[in-house]
Amino acid sequence: PGSVLSPDNVMLLLDTVGVAKFINTKSCDRHDPFSVFASQYEGWSTDCRSTLVKLPKLQDGYITCYLDNTCRNVKCCMDIPFISKAFQILVNFDPCNYIMTFDLEKLKVNVTLDEYEWGKWKQIDLYGILKVRFSLHDLYAEDQYLLSLTLSLCWESHGHCQDHYIFQHTRLP
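This report concerns the structure included in the present document. Because the structure is predicted, anything quoted here is derived from the model rather than measured.

With respect to the helices and strands, Glu105 occurs in the loop between strand 5 (99-104) and strand 6 (107-112). The side chain of Glu105 sits in the buried core without any salt bridge; Lys85 is the nearest counter-charge, 7.1 Å away. At 2.6 Å, the side chain of Glu105 forms a polar contact with the backbone nitrogen of Asn24.

This next bit is on the pattern of salt bridges. Tallied over the full model, the rule gives 3 salt bridges. Residue Arg30 is joined to Asp79 by a salt bridge in which the shortest nitrogen-to-oxygen separation is 2.8 Å. Residue Arg30 is found in the loop between helix 1 (7-16) and strand 1 (44-46), and its partner Asp79 is found in strand 3 (residues 73-80); the two are separated by 49 residues along the sequence. Of the charged contacts in the structure, one is a salt bridge between Lys108 and Asp103, with a shortest N-O distance of 3.5 Å. Take Asp103: its relative accessible area is 13%, and that puts it in the buried class.

Enumeration according to the criterion identifies 4 disulfides in this entry. Covalent S-S linkage joins Cys154 and Cys161, the inter-sulfur distance amounting to 2.0 Å. Between Cys154 and Cys161 the disulfide shows an S-S torsion of about 115 degrees. By sign, it is right-handed. The same class applies to Cys154 and to Cys161, which are both buried.

What follows concerns unusual backbone geometry. With a phi angle near 50 degrees, Tyr127 is a residue other than glycine that sits in the positive phi range. Position of Tyr127 among the secondary structure elements: in the loop between strand 7 (122-126) and strand 8 (130-139). Given a relative accessible area of 48%, Tyr127 falls into the partly exposed group. One non-glycine residue, Asp143, lies in positive phi territory at about 55 degrees.

Calculation rules
Numbering of residues starts from 1 in each chain and follows the order in which that chain's sequence is written. A pLDDT threshold of at least 70 governs which residues receive local features in this predicted model, and a stricter bar of 80 or more applies before side-chain atom pairs are shown or counted, although totals over entire chains, interfaces and linings include all residues. The basis for every side-chain value is the complete set of non-hydrogen atoms in the structure, without hydrogens or water. Only DSSP runs of H or I covering at least 4 residues are called helices, and only runs of E covering at least 2 are called strands; the numbering of each starts at the N terminus. For every residue, the accessible area (1.4 Å probe, protein chains only) is compared with the maximum for its type, and the residue is labelled buried under 20%, exposed over 50%, or partly exposed between those bounds. Charge assignment: positive for Lys and Arg, negative for Asp and Glu; neither His nor the chain ends contribute. For salt bridges, the criterion is a side-chain nitrogen of Lys or Arg within 4 Å of an Asp or Glu carboxyl oxygen. Under this definition, polar contacts are N or O atom pairs within 3.5 Å; protein pairs additionally need one hydrogen-donor-capable and one acceptor-capable atom, and for neighbouring residues in sequence, both atoms have to be side-chain atoms. Cysteine sulfur atoms are paired as a disulfide whenever they fall within 2.5 Å.

This is the structure:
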């Protein structure tokens, strides 16, 4: 606890758990002044101008997210001090085509909303280490969606995970 793995040990760890082939060559950088994360406040940077969207404060200094101008696509960069790396997660919500796309580093998963049971939690994960859980409600009469989204980092199969609540019953247009 409290120590940082050497670069060689990081690669060995990622290779041993099977995720090395899914890790981006270049990590995202929450502190890059030219990135979409540069102008963050309470963990968020955004181009969304909708007054409907109320972004919750992200709970710690390890994660920054960006909400684009459609107010439906989010990109997060999560620092992992233990391995001196950052993981990037993208969630693209396309209500016109009824699809959600999740990118966990290089792993891409599409969820068609035709098959999704509204309001139920669904989980996407990268070998159990990086997890994205979401619940989506269609507020049809209001032309809105209600999204809850959690990112988790788990280094032990039956141990405690670091949970980051990105959206908590957040209304999206």
